[in-house]
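Fold and contact review
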Amino acid sequence: MTLIRIPKSWQIFKQEITSETAYFNRRRFIKTLVGASIGASLLPLAGCQKSASETALDSSLDLPKIKSFTPNPNFSSLDRPITDRTLAGRYNNFYEFGGGKNIWLKAQKLPAENWKVEVTGLVKNPRTYDIDDLKREFALEERIYRFRCVEAWSMVVPWIGFPMKALIEKVEPTSSAKYVRFTSFYDPEITTGPGIVFGKLPWPYQEGLRIEEMANELAFFALGNYGRDLPKQQGAPLRMVLPWKYGFKGAKSIVKIEFLASQPATYWNTINSQEYGFEANVNPDKPHPRWSQAKEKFIGEGPDFKWEIKETMPYNGYGEYVASLYV
Ligand code: MTE
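Within each chain, residues carry numbers counting from 1 in the order of the written sequence. Given that the model is predicted, a residue must reach a pLDDT of at least 70 before its local features are reported, and side-chain atom pairs must reach 80 or more before they are shown or counted; all residues, however, enter totals for whole chains, interfaces and linings. For side-chain calculations, the full set of non-hydrogen atoms in the structure is used, while hydrogens and water are omitted.

Structural notes on the pattern of salt bridges
Any carboxyl oxygen of Asp or Glu that lies within 4 Å of a side-chain nitrogen of Lys or Arg is treated as forming a salt bridge with it. Inspection of the entire model under this criterion finds 23 salt bridges. A salt bridge links Glu137 to Lys170, with the shortest nitrogen-to-oxygen separation between them at 3.8 Å. Of this pair, Glu137 sits in helix α5 (residues 131–137) while Lys170 is found in helix α6 (residues 164–171), placing the two residues 33 residues apart along the sequence. With a 1.4 Å probe rolled over the protein chains alone, any residue whose accessible area is under 20% of its type maximum counts as buried; one over 50% counts as exposed, and the rest are partly exposed. For Glu137, a relative accessible area of 27% gives the class partly exposed. Runs of H or I in DSSP of at least four residues are treated as helices and runs of E of at least two as strands, each being numbered from the N terminus.

Pasting the structure below:
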């Protein structure tokens, strides 16, 4: 059977940006990637009616509203608009479910119910939390943050969650704890992205921070965005948000948080330490070895992809909060 591919707006976007070395060269590590083609997305639009795939995308985003949270006035407005919710929910990096951006449908396999997060290692009060515990025990706030991917695209997302430092206060790390490792969900029966099938990548996805970075005011755990629970494609039910660092530092779908004495190995850094440093702070003056980081493509208001070229800011514009960590 021959399938005729009718590209949607985001697929056209992807083709246009493939001229940029950033997009495909990164994927050289995963040779099998040809962009996740999703059967449902081949359905043509019928007049003004939504296609089956658009309706499915909407339901992946129309999750329960988070009942109680307070907008944090320090992070309530920015120099650019909030990215359209649908764009943010269909243009993702989540390699466990595929190497393209269009993984939202495959990510619906993530078993985000009855989730447990183990907090362990060099702490006085180790504990396993479920998501209701987190919602109940931490004061939830909304923060509108810039988000900058190492591939030189950017968004603005309104996250709901709590500062990482609040978790540090609860679990009380011992004086030997210097680093923290964050581990994402991994089950080769479910997370069947191409890298997993071919077994060449260092799963599970893990990220790490110095404990001072985790204690910084900006470091955030998100349980939701756009007023609702977090969509699976964006790392449900709990992900890291570190707005001064490249997006790959923010691991999705966290199952384990470990306080450690020494620096942990991390996913992209293990794949290529020259290209994906452990620190990975947004820096326009430090090019990626294969592309410039001086500018970025900002994906703004929707509903269709259009992007604006912007100057990249040191620490993604958050230097006043974090620059002192790096002197
Ligand atoms: N976390 C996991 N577990 N797996 C991933 O592939 N990709 C990272 C980060 N967290 C990734 C991940 C990268 S490269 C980016 S840019 C962001 O997630 C993308 O987040 P978004 O899809 O919500 O925009």
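Examining the layout of surface pockets
By volume, the largest pocket amounts to about 420 Å³. What lines the largest pocket is a set of 16 residues, and nearest its centre among them are Ala112, Glu113, Ile131, Asp229 and Pro237. If you tally residues by element for the lining of the largest pocket, the top one is α5, at three residues. Note on residue classes: Ala, Val, Leu, Ile, Met, Phe, Trp, Tyr, Cys and Pro are nonpolar, Asp, Glu, Lys and Arg are charged, and everything else, Gly too, is polar. When its residues are assigned to classes, the lining of the largest pocket shows nine nonpolar, one polar and six charged. If you add up the space inside the second largest pocket, you get close to 350 Å³. Throughout, the protein atoms alone are placed on a 1 Å grid, and a set of points is a cavity if a 1.4 Å probe fits but cannot get out or a pocket if it is open with protein on both sides within 12 Å along at least five of seven lines; lining residues have an atom within 4 Å of a point. Grid points are joined across faces, edges and corners, and a volume is the space filled by probe spheres set on the points.

Quick notes on the nonpolar core
Buried Ala, Val, Leu, Ile, Met, Phe, Trp, Tyr and Cys residues form a nonpolar core when they are joined through side-chain atoms within 4.5 Å. Counting residues in each nonpolar core, the largest one holds 79 residues, and the members touching the most others are Leu167, Phe182, Met214, Phe221, Ile257 and Phe259. With six residues, the single largest contributor to this core is strand β5 (residues 153–163).

Focus on helix α3 (residues 52–61)
Along α3, the residues that are buried comprise Ser53, Leu57, Asp58, Ser60 and Leu61. Axial view of α3: buried residues confined to an arc of 160 degrees, hence all on one face. The inward-facing, buried residues of α3 abut α4 (85–88) and β9 (228–229). Arc, as used here, means the arc of the directions from the helix axis to the C-beta atoms. Residues are treated as being in contact if the distance between any of their heavy atoms lies within 4.5 Å.

Overview of empty space enclosed by the protein
On inspection of all chains with the given rule, the structure shows four cavities of 30 Å³ or more. Volume-wise, the largest cavity comes out at about 320 Å³. Together, 24 residues line the largest cavity, and Asn93, Phe147, Arg239, Gly247 and Lys252 are the ones closest to its centre. If one sorts the elements of the lining of the largest cavity by residue count, β5 sits on top with four residues. When its residues are assigned to classes, the lining of the largest cavity shows 14 nonpolar, six polar and four charged. Roughly 70 Å³ of internal volume is contained in the second largest cavity. Around the second largest cavity sit 13 residues that line it, and Phe147, Val241, Leu242, Lys245 and Gly247 are the ones nearest its centre. Within the residue set of the lining of the second largest cavity, elements represented by two or more residues are β4 (141–148) and β10 (239–241). Taken together, the residues that form the lining of the second largest cavity break down as six nonpolar, two polar and five charged.

Some words on the sheet that holds strand β7 (residues 206–210)
A pair of strands is considered paired only if DSSP assigns at least 2 bridges between the two. The strand order across the open sheet built from five strands is β3-β2-β11-β6-β7, with neighbouring strands paired in mixed fashion. Whereas interior strands pair on both sides, the edge strands pair on one side only; in this sheet they are β3 (127–130) and β7. Along the sheet, successive strands turn relative to each other by an average axial angle of 15 degrees, direction set aside. Sheet topology note: the strand β6 (residues 179–184)/strand β11 (residues 254–260) ladder contains six bridges and is antiparallel. If you follow Thr183 over to β11, its bridge partner there is Lys256. For helices, the fitted line uses only the C-alpha atoms of the stretch in contact; every axis is such a line through C-alpha atoms, and the angle between N-to-C directions lies from 0 to 180 degrees.

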